[in-house]
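Understanding the architecture of this molecule
The lines below spell out each chain.
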There are 4 protein chains.
Amino acid sequence: MAGNSFGQLFRLTTFGESHGKALGGIIDGCPAGMTLDLEKIQEELNRRKPGQSAIVTQRKEPDTVEIYSGVFEGQTTGTPIGFAIHNTNQKSKDYSHIKDSYRPSHADYVYDKKYGFRDYRGGGRSSARETASRVVAGAIAKQFLSDIKINAFVSQVGEMKLNKPYQELDFSMIESNAVRCPDTEMAQKMEDYIKSIKKEGDTIGGVITCVIQNVPIGLGEPVFDKLHARLGEAMLSINAVKGFEYGSGFAGVAMRGSEHNDAFNTDGTTKTNRSGGVQGGISNGMDIYFSVAFKPVATVLQSYETINKEGEKVTTQGKGRHDPCVVPRAVPIVEAMAALVLADYTLLARTNKI
Amino acid sequence: MAGNSFGQLFRLTTFGESHGKALGGIIDGCPAGMTLDLEKIQEELNRRKPGQSAIVTQRKEPDTVEIYSGVFEGQTTGTPIGFAIHNTNQKSKDYSHIKDSYRPSHADYVYDKKYGFRDYRGGGRSSARETASRVVAGAIAKQFLSDIKINAFVSQVGEMKLNKPYQELDFSMIESNAVRCPDTEMAQKMEDYIKSIKKEGDTIGGVITCVIQNVPIGLGEPVFDKLHARLGEAMLSINAVKGFEYGSGFAGVAMRGSEHNDAFNTDGTTKTNRSGGVQGGISNGMDIYFSVAFKPVATVLQSYETINKEGEKVTTQGKGRHDPCVVPRAVPIVEAMAALVLADYTLLARTNKI
Amino acid sequence: MAGNSFGQLFRLTTFGESHGKALGGIIDGCPAGMTLDLEKIQEELNRRKPGQSAIVTQRKEPDTVEIYSGVFEGQTTGTPIGFAIHNTNQKSKDYSHIKDSYRPSHADYVYDKKYGFRDYRGGGRSSARETASRVVAGAIAKQFLSDIKINAFVSQVGEMKLNKPYQELDFSMIESNAVRCPDTEMAQKMEDYIKSIKKEGDTIGGVITCVIQNVPIGLGEPVFDKLHARLGEAMLSINAVKGFEYGSGFAGVAMRGSEHNDAFNTDGTTKTNRSGGVQGGISNGMDIYFSVAFKPVATVLQSYETINKEGEKVTTQGKGRHDPCVVPRAVPIVEAMAALVLADYTLLARTNKI
Amino acid sequence: MAGNSFGQLFRLTTFGESHGKALGGIIDGCPAGMTLDLEKIQEELNRRKPGQSAIVTQRKEPDTVEIYSGVFEGQTTGTPIGFAIHNTNQKSKDYSHIKDSYRPSHADYVYDKKYGFRDYRGGGRSSARETASRVVAGAIAKQFLSDIKINAFVSQVGEMKLNKPYQELDFSMIESNAVRCPDTEMAQKMEDYIKSIKKEGDTIGGVITCVIQNVPIGLGEPVFDKLHARLGEAMLSINAVKGFEYGSGFAGVAMRGSEHNDAFNTDGTTKTNRSGGVQGGISNGMDIYFSVAFKPVATVLQSYETINKEGEKVTTQGKGRHDPCVVPRAVPIVEAMAALVLADYTLLARTNKI
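Residues numbered from 1 in each chain as written. Chains lettered and ligands numbered in written order. Predicted model: local features only at pLDDT ≥ 70, side-chain atom pairs only at ≥ 80, totals over all residues. Heavy atoms only, no water.

Before going further, it helps to spend a moment on the overall build of chain A. Helices and strands together make up the secondary structure of chain A, namely seven helices and 17 strands. Compactness check: chain A gives a C-alpha radius of gyration of 21 Å against a globular reference of 20 Å for 354 residues, within 12% of the reference. When the backbone C-alpha atoms are referred to their principal axes, chain A occupies close to 65 × 50 × 40 Å. By the burial criterion, 71% of the 354 residues in chain A qualify as buried. Sequence separation of 24 or more characterises 70% of the internal contacts of chain A that already satisfy a separation of 6 or more. (Helix = DSSP H or I, 4+ residues; strand = E, 2+ residues; numbered from the N terminus. Rg over C-alpha atoms; globule rule 2.2 N^0.38 Å. Buried < 20%, exposed > 50% of the residue type's maximum accessible area, 1.4 Å probe, protein only. Contact = heavy atoms within 4.5 Å.)

This part is about the interface of chain C and chain A. Across the contact, 45 residues belong to chain C and 45 residues belong to chain A. Interface area for chain C against chain A, summed over the two sides, is near 3500 Å², with a carbon-plus-sulfur share of 65%. If you look at where chain C meets chain A, you find zero salt bridges. At the boundary of chain C and chain A, one finds nine residue pairs in polar contact (both at pLDDT 80 or more). Among the elements of the structure, β2 (11-15), β3 (22-28), β4 (65-67), β6 (75-76), β7 (81-86) and α2 (108-115) of chain C are those that each provide at least two residues to the side of chain C that touches chain A. (Buried area = accessible area lost by both parts, 1.4 Å probe. Salt bridge = Lys/Arg side-chain N within 4 Å of Asp/Glu carboxyl O. Polar contact = N/O pair within 3.5 Å; in protein donor to acceptor, adjacent residues only side chain to side chain.)

Residue-level contacts link 105 residues of chain B with 105 residues of chain A. Contact between chain B and chain A buries roughly 8200 Å² in total, counting both sides, with carbon and sulfur atoms accounting for 59%. Together, Lys114(B), Phe224(B) and Lys242(B) form the three largest contributors to the area buried by chain B at its contact with chain A, with a combined 11%. Summed over the shared surface of chain B and chain A, the number is six salt bridges. Close ionic contact of Glu233(B) with Arg230(A) constitutes a salt bridge, the shortest N to O distance being 3.4 Å. Across the contact surface, chain B and chain A share 43 residue pairs in polar contact (both at pLDDT 80 or more).

This part covers unusual backbone geometry. Pro222(C) connects to Val223(C) through a cis peptide bond whose omega is 0°. Topologically, Val223(C) is positioned in the loop between β11 (206-213) and α5 (227-236). The backbone phi angle of Ala240(A) is positive, close to 75°, even though this residue is not glycine. Locating Ala240(A) in the fold gives a position in the loop between α5 (227-236) and β12 (241-246). A positive phi angle, near 60°, is found at Asn214(B), a position not held by glycine. Tracing the backbone through its elements, the reader meets Asn214(B) in the loop between β11 (206-213) and α5 (227-236).

Okay, the pattern of salt bridges next. Side chains that carry opposite charge are capable of pairing whenever their charged atoms lie near each other. On inspection of all chains with the given rule, the structure shows 88 salt bridges over all chains. Measuring nitrogen to oxygen at the nearest pair gives 3.9 Å for the salt bridge that ties Asp344(A) to Arg230(A). Taken as a pair, Asp344(A) in helix α7 (residues 327-348) and Arg230(A) in helix α5 lie far apart in primary sequence, 114 residues in all. Between Arg47(C) and Glu175(C) there is a salt bridge whose closest N-O contact spans 2.8 Å.

In the structure shown here, the tally under the stated rule is 49 aromatic pairs over all chains. Taking the centre distance of 6.3 Å and the plane angle of 50° together, the rings of Tyr102(A) and Phe264(B) count as tilted. Here Tyr102(A), found in strand β8 (residues 101-102), pairs with Phe264(B), found in the loop between α6 (257-260) and β13 (278-279), and the two come from separate chains. Like Phe264(B), Tyr102(A) is buried. Judged by centre distance (5.5 Å) and plane angle (40°), the ring pair of Phe224(A) and Phe6(B) falls under tilted. With Phe224(A) in the loop between β11 (206-213) and α5 and Phe6(B) in strand β1 (residues 5-6), the pair connects residues from two separate chains. The pair formed by Phe224(A) and Phe6(B) is uniform in burial state, with each residue classed as buried. Here the aromatic residues Tyr102(A), Tyr109(A) and Phe264(B) are joined through ring pairs into a cluster of three or more. (Phe/Tyr/Trp six-rings, centres within 6.5 Å; stacked < 30°, edge-to-face > 60°.)

Residue and element names in this part refer to chain A. As a packed pair, helix α1 (residues 38-48) and α7 sit with axes 7 Å apart at the nearest point and diverge in direction by 140°. Compared by their axis directions, α1 and α7 come out oblique. Here α1 contributes Glu44, Arg47 and Arg48 to the contact with α7, which in turn contributes Arg329, Val331, Pro332, Ile333 and Glu335. Taken together, the residues of the contact of α1 with α7 break down into three nonpolar, no polar and five charged. (Axes fitted to C-alpha atoms, helices over the stretch in contact; angles between N-to-C directions. Parallel < 35°, antiparallel > 145°, perpendicular 65-115°, else oblique. Nonpolar A, V, L, I, M, F, W, Y, C, P; charged D, E, K, R; others polar.)

In this section: the pairing of strand β15 (residues 288-294) of chain A. The two faces of the sheet receive side chains in turn, since in a regular strand these alternate between them. Residues and elements named next belong to chain A. The buried count for β15 comes to seven of seven residues, which makes it a mostly enclosed element. Alternating positions in β15 separate into two faces, Ile288, Phe290, Val292 and Phe294 on one and Tyr289, Ser291 and Ala293 on the other, with burial throughout. As paired elements, β11 and β15 share seven bridges and run antiparallel to each other. Looking at the pairing, isoleucine 212 lines up with isoleucine 288 of β15. Two strands pair when backbone bridges link them, and β12 and β15 are joined in this way by five bridges, in the antiparallel orientation. Of the residues in β15, the one forming a bridge with tyrosine 246 is phenylalanine 290. (Pairing = 2+ DSSP bridges.)

If you look at the biggest cluster of nonpolar residues, it comprises 359 residues, and the most contacted ones within it are Phe290(A), Phe290(B), Phe290(C) and Phe290(D). Dropping the residues within four chain positions of it, Phe290(C) is found in contact with Ile208(C), Thr209(C), Cys210(C), Ile212(C), Leu231(C), Met235(C), Phe244(C), Glu245(C), Tyr246(C), Val334(C) and Ala338(C). (Core = buried A, V, L, I, M, F, W, Y, C linked by side-chain atoms within 4.5 Å.)

For the rest of this paragraph, the subject is the UniProt feature "binding site: FMN" (unreviewed entry) in chain A. Residue and element names in this part refer to chain A. When the UniProt feature table is mapped onto this chain numbering, "binding site: FMN" (unreviewed entry) sits at Arg125, Ser126, Ser127, Asn239, Ala240, Gly280, Lys295, Pro296, Val297, Ala298, Thr299 and Arg321. Across 197 residues of sequence, these annotated residues are also dispersed in space, with a maximum C-alpha separation of 44.1 Å. The class of alanine 240 is partly exposed, set by a relative accessible area of 25%. When near neighbours in sequence (up to four residues on either side) are disregarded, alanine 240 contacts Ala293, Phe294 and Lys295. (UniProt positions renumbered as here; feature names shortened; annotations may be inferred.)

Once chain B is rotated about the relating axis by 180° and shifted along it by 0.0 Å, it coincides with chain A to within an RMSD of 0.0 Å. When the rotation and shift are considered jointly, the pair of chain copies conforms to a two-fold rotation axis. A share of 99% of interface residues in chain B that are also interface residues in chain A marks the association as one of identical surfaces. (Least-squares fit on C-alpha atoms with pLDDT ≥ 70 in both.)

All names here are of chain C. Strand order in the open sheet formed by five strands is β1-β2-β3-β7-β4, and the pairing between neighbours is antiparallel. Looking at strand neighbours, the two that pair on one side only are β1 (5-6) and β4, the edges of this open sheet. In terms of strand pairing, β4 meets β7 through three bridges, oriented antiparallel. Across the sheet, valine 65 pairs through a bridge with isoleucine 85, a residue of β7.

The next point concerns the relation of the copies chain C and chain A. Mapping chain C onto chain A is achieved by rotating through 180° and translating by 0.0 Å along the same axis, at an RMSD of 0.0 Å. The overlap is high: 100% of the interface residues of chain C also sit at the interface in chain A, so the same surface is used on both sides.

Here we take up the environment of Thr269(B). All names here are of chain B. Here threonine 269 is to be found in the loop between α6 and β13. Sequence-wise, threonine 269 and asparagine 284 are 15 residues apart; in three dimensions their C-alpha atoms are separated by 7.9 Å. When near neighbours in sequence (up to four residues on either side) are disregarded, threonine 269 contacts Ala263, Phe264 and Met286. Of note is the side chain of threonine 269, whose polar atom sits 2.5 Å from the side chain of aspartate 267.

If you want it as structure tokens, here you go:
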């Protein structure tokens, strides 16, 4: 199968290039009888929208979603939900300068080699603009999940790392600042830092942490489709992601079994949660938490040397309107992908027992 | 779909519990006309086999694979390859003590909750014994890949971290020691450390790094099935894995775009390789490298308090023959899963162009 | 998986209800580098369009397709092709009379029972209007197949059966008449018959025969995904289809092996072709031919007794603009589904050998 | 995906050649907590076994199934059920005469062309022996379905057709004769006829009709995965099948809508059942019935002319132990495939509503 579908029972298939007529997708398998709040979908899109603050790209895109099917009289009908977001602000000329050259650490070169040629307008399909469709689907998945709470936030920008355990954070503060870090003091530092990076025409990486609460026991399909494996795949499929860890993650490596093991309480919960809410690929009812590493955006507004299609050296100047740091806008994308995974596994779990 | 299949075109489906009659699988989609070296398959199995050294479990299992179909006169026929490994050394009594109680940080509890009851003999399906089938399939995938070189090795045990870039390592030394670390000096330290941990009846975590060389340009299927996303899923589906990073990984977060970007040489290769051989989810011809974090084995040979099915506190004593550190035996498993991903994407890549 | 996707590598996913804003789909896996003739796509849509002749529904729908992505500078890019057909002529009031009652031999009742409620406007998703998306995708698949020739035609209407072997027919005459029967004399009889049926406000069934020529040897994936099995599934998924047979079909039952077997010529072709171009689920290079049985359209413009949601008897009157016989408009749908199957298997066949 | 898997949630993957070491499969997705009657599985296998009567092949195969996993203390565990049937009676020499020549209307030629070479022992993978694995899986699916009754029987052999509606038949008589026709008088005629055909070293075709009762309303996944479309694919994937029809089938073509429509009773059942228990691809609670056409077995015990690998004419003599008519032994295979489809859709139906 080509790679533009995600999920098995709650299944999203997307289409669209950054500078095509429209992008969108189809959600197949969304159960019938669900009251759909269209405004909430648009709200999620607005969280990822460009131009929302001083530390993101100033590109202006309304990103208005149009639902074509699968909803009747305010409810899902069980038939596929088709939707589209029409592109209104395609400054293709912004990209004429890269038509014949390959930008370092972009997908330009590999798309050309893999497909024989490419849509050179802003990265085409490889642009993060594609993730808008994921946010639409994720917003619908969130409404299906209802009780399950998914909160993602920025926990690191460059060297600046939020060192508090998530239990000490107030998730209601996430949207209170442009960075989407629930610790307002740290958020301010991160924001100032991103602005200084932007001034230099440079970019910086970051980490998003996601916490999922009120997860029922039993989600996940061993052995290959373990819940955390699918979550990892989902996160790694987001543009610019370089790493994923859940529970104790890479730090757990240095621990001994006797200290790492999560002792049970008599109600089946555990005293600690180094497992990160997943045992053997199946949710155990504790909070699921994981972190996602994003590399610095490749497009720097500086002049750089690269090669053209003929393999000749060329010097070019980064142009266009880009994000100095991708994590603030990636928060709703991380939540959307988590919601898609959980929705899919919630349906799969209905088939485990006779 | 239930979760026991991996891959789309080069597809492995596995079965088997740690203490059942046999475990095995079916490889569907292995191309016809490939000369299959059965000894090489057994060699890979032997790398993962228990009892191979002083720092792994002393359980004795011959782990002999029997091929049932799909091979005729030494060649693959294009029909499914069915295989089985018969269990010969099932000390079920070893597990009687856990029949009614849940081991901390094992899958006992969630299997019970998800399926209504469980095969309590050594974790049943959740046992890492299942990975033997992956090693068989991976060994076949490796033979299909031929030119592509996959080398995994132990790069960290507990706090002991190998800090050399992989380019300075001699992969031919990986199998020269029980730990499977190519740096013999570090390997000795790791081995001594694991032995001391074992003496205490405790366990320790570790990291495996994998390097894939001679990868053709163009493997990977955006947007959801990016090459590194599937690699991440594959690794996270291995027992005890808590994290995955490729290329610059989590460290790349602190870098600026201007320093992180991989500048092109005129032949399309790059001067640096922070991308880890993948751009936009597609291989770019450079080395692919990634790291996988393994938590400490949950079974400690100490007495601990836990709960039984009735939710009552019980004190139990860890028994059985277990690994003090899982990474030495996990090296061939990491390679196997990487081979399965690459074999699948090698076939998919044949369909990209007219 | 929900059932709105078809194909594995050349994969169509559709959305849309008969009276929603739009219907359409996504083709994922169409190879890159294919020059796409958009007019040919519209031509195929026009063959299925309502209002094209006196013997089809007089509903007026322009059925204009809009391509959103996957095509750049006239060529496919290898990225998903998203498309939509906007509904312009939705006479929902036509259906108010069936809002609370179930039409006999329609899907009204089962949709209500399966999903809890239904989009009652003209059958919603169960309307044959959905097949417009299939025709768009099939038109693109046809362009990918290029050399393979697919010709479907009406071979029976009610009792009127075309008894000539397809070899004696001139496929260029198929589009010369409203019925789409290549035998003009029989076509005239069929047309007159359909008109008489229509006058009575009744409907009649028919058979479409499809012939596929220039098929390469080796398409089809045993054992479950045999070429003819997938063709059968594809045809049976079309509204109103009740049967499928290929090669000798049901008539072959009465033959003896000695007369049914297709003897070989020295070039590997066969003297006869009772196999219908498929052996063991794999194309053998001979013409593939099959027949598809369509029941009479369920909507009759007569008064009839049925039940409402409360299970009470109600008498209602068939209204709206419907086809007296579905086969003339179904010809391009049969061709489209055949093209989708062949495109998918053409890509799969690239992966059979090393 | 290669074609050796069937089903989405209740999923069978098979392996094995007619003359390999063993054949078998894996059932993934069978729900946990089901008491499995292993004897019933063997009983179904025995219905399909060679040597069971005078009108089937006299080959002797015990066809004993061995379950490797997925069952513990008599119950399914929710983990994959691996099983194998070891081949004990492989007279490979029987096939030496066809090693270099292609049997007419067999898959020899296409396998050679598709895969580059073939396992020439008795057709290898293309042999109907593969269906033994389907019968094992189907027997397990039947136990899962419990209330749903599936009865298949021989309704035609050559020209001899059973013309009674199935409602007049006593299904308990199906196993009372070697032909598996519930009408004992007709069964005797069919048996005599098959014997006479056998004497001539020839073969004859037949039709199997299947009736499925007590089907809940709502099984089937429009638009592509309609219940009858998947049933058709399932049947067409069985060796030697040339056609499939359900409900009114090909005969319905000649009817008018006013007579074909199934009028409702006030309880939602219908007065007639020309729809065959399926509306719009979804079960409506009425009996599902369909017919499957089988061509005459291609192996005739006569001398015939064919070609060898070099394309030279050769005269050969049909040998081995083959069935003069396949339908008596195909009855349990038809039931098995129907059971697999229904089990899969029973699980899928759990995900339709919130």
